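Breakdown of the fold
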Amino acid sequence: MLADIGTHLVRLPLPRPDGKYTVHLPEVLRSLIHDVRPVGGTLEPVARAPRWLVYGDSIVEGWAASRPQLAWPAVAGRALGVEGVNLGYAGAARGELASAQQLASLEADIITVAYGTNCWSRTPHTAGLLYETTLAFLAAVRTGHPRTPLLVVSPVHRPDAEATPNALGANLAQLRDAVERATRDTLRGGDDRLSLLPGVGLLTPAHLVDGVHPGDEGHALLARAVAENLTGNKFRGTIFGKALD
């Protein structure tokens, strides 16, 4: 379906009348839903599921999956049976404290943060700056969610940035290490509801359609890695009913 700017009436035929359905809106548009009406049937809200906040950059937002429902947070959310809230911001997500405060203010049963690659380009960071930024970001999130399971995913592989210094002299490998060190130091500081998923080994260059963003296969691999981390870690029994199949 192609989307044009303006007000439209969209009909979504369903394969059967008694299922549970989620509509994934396109990530490149700020869509506003005015009304949802059933045609020849009824609509009922589903029972509340664990609410999962996912903060990150364009990869979290869904670039370059072929469909919004194939972005890794959507795929992992379906596998886990949780209500995913995608807080991906293309071209941004550098651990801004304003975003941490937003996360702290929102209802959440699980939180995942995945950022860092945009700290190599656009607004460059040094490794020391990103280390301190990550410490502050996690601390700010904890002001609103002191005991909520929190997963940090460090930047995935990016061939052009791994060993190439940015404008401030830091390559992506050093920035990734800064995110991971800050997470581990926070964990050692007593945050036993925190976990880390290193991103470097999750994808290969073949999974990146433009050298930065994964295609559908890459998003599926990220989804599985995150879902397996969340279902396999020490918090599984408190937030999920069963392990990932």
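Quick summary incoming for the structure in this document.

Reading guide: rules and limits
- Residues numbered from 1 in each chain as written.
- Predicted model: local features only at pLDDT ≥ 70, side-chain atom pairs only at ≥ 80, totals over all residues.
- Heavy atoms only, no water.
- Pairing = 2+ DSSP bridges.
- Helix = DSSP H or I, 4+ residues; strand = E, 2+ residues; numbered from the N terminus.
- Axes fitted to C-alpha atoms, helices over the stretch in contact; angles between N-to-C directions.
- Contact = heavy atoms within 4.5 Å.
- Salt bridge = Lys/Arg side-chain N within 4 Å of Asp/Glu carboxyl O.
- Buried < 20%, exposed > 50% of the residue type's maximum accessible area, 1.4 Å probe, protein only.
- Parallel < 35°, antiparallel > 145°, perpendicular 65-115°, else oblique.
- Left-handed = near helix turned anticlockwise from the far one by under 90°.
- Nonpolar A, V, L, I, M, F, W, Y, C, P; charged D, E, K, R; others polar.
- Phe/Tyr/Trp six-rings, centres within 6.5 Å; stacked < 30°, edge-to-face > 60°.
- Core = buried A, V, L, I, M, F, W, Y, C linked by side-chain atoms within 4.5 Å.

Digging into the sheet that holds strand β5 (residues 194-197)
The strand order across the open sheet formed by five strands is β2-β1-β3-β4-β5, and the pairing between neighbours is parallel. Each having just a single partner strand, β2 (83-88) and β5 make up the two edges of the open sheet. Neighbour-to-neighbour, the strand axes of this sheet turn through a mean angle of 15°, independent of strand direction. As paired strands, strand β4 (residues 150-153) and β5 are joined by four bridges and run parallel to one another. From the neighbouring strand, Val152 faces β5, where its bridge partner is Leu196.

A word on the side chain of His207
Along the polypeptide, His207 turns up in the loop between β5 and α6 (216-232). Here His207 is in contact with His213, Pro214, Gly215, Glu217, Gly218 and Leu221, once residues within four sequence places are set aside.

Some words on the pattern of salt bridges
Taken as a whole and assessed by the stated rule, the structure comprises 14 salt bridges. Here Asp109 and Arg48 are joined by a salt bridge, their closest N and O atoms 2.9 Å apart. With Asp109 in the loop between α3 (97-105) and β3 (110-114) and Arg48 in the segment before β1 (51-56), this pair connects stretches of sequence that are 61 residues apart. The exposure class assigned to Asp109 is partly exposed, which follows from its relative accessible area of 25%. Across the salt bridge formed by Arg142 and Asp191, the nearest N and O atoms sit 2.8 Å from each other. Here the residue Arg142 occupies a position in helix α4 (residues 127-142), and Asp191 occupies one in the loop between α5 (172-188) and β5, the gap between them amounting to 49 residues.

So, the packing of α3 against α4
In the contact formed by α3 and α4, the axes pass within 7 Å of each other and the chain directions differ by 25°. Compared by their axis directions, α3 and α4 come out roughly parallel. Considering only the axes of α3 and α4, their crossing is right-handed. Here Leu97, Ser99, Ala100, Leu103 and Ala104 of α3 lie close against α4, whose contacting residues are Ala136, Phe137, Ala140 and Val141. Across the contact of α3 with α4, the residue classes break down as eight nonpolar, one polar and no charged.

Here we look at the pairing of β1
Successive side chains on a regular strand alternate, one facing one side of the sheet and the next facing the other. For β1, the buried fraction is high: six of the six residues fall into the buried class. Side chains Arg51, Leu53 and Tyr55 project from β1 onto one buried face, and the interleaved Trp52, Val54 and Gly56 project onto a second face that is buried too. Looking at chain direction, β1 and β2 are connected through six bridges and run parallel. In the strand pairing of β2, Gly56 is matched with Gly88. Bridging between β1 and β3 involves five bridges; their strand directions are parallel.

Re the packing of α4 against α5
Two numbers describe how α4 lies on α5: the axes approach to 8 Å, and their chain directions differ by 35°. Like other packed secondary-structure pairs, α4 and α5 cross with a definite hand, here right-handed. Listed contacts from α5 to Ala127, Leu130, Tyr131, Thr134, Leu135 and Leu138 of α4 are Gln174, Leu175, Ala178, Val179, Arg181, Ala182, Thr183, Asp185 and Thr186. Of the residues assigned to the contact of α4 with α5, the class counts are nine nonpolar, four polar and two charged.

Overview of the packing of aromatic side chains
Going through the model one piece at a time under the given rule, you end up with five aromatic pairs. With 6.3 Å between their ring centres and 55° between their planes, Tyr55 and Tyr89 make a pair best called tilted. Taken together, the residues span a long stretch of sequence, with Tyr55 in strand β1 and Tyr89 in the loop between β2 and α3 at a distance of 34 residues. Residue class for Tyr55 comes out buried when judged on its relative accessible area of 1%. Judged by its relative accessible area of 31%, Tyr89 is partly exposed.

Some points on the nonpolar core
Counting residues in hydrophobic clusters, the biggest one holds 30 residues, and the most contacted among them are Leu103, Ile111, Val113 and Phe137. Contributing elements (two or more residues each) for this core: β1, β2, α3, β3, α4, β4, α5 and β5. At six residues, the largest contribution of residues to this core is made by α4. Setting aside residues no more than four positions away along its own chain, Phe137 makes contact with Tyr55, Gly95, Glu96, Leu97, Ser99, Ala100, Leu103, Val113 and Tyr115. Core analysis: the next-biggest nonpolar cluster, separate from the first, contains 23 residues, Ile110, Leu197, Leu202 and Leu203 among them.

Just geometry here; none of it tells us what the structure is for.
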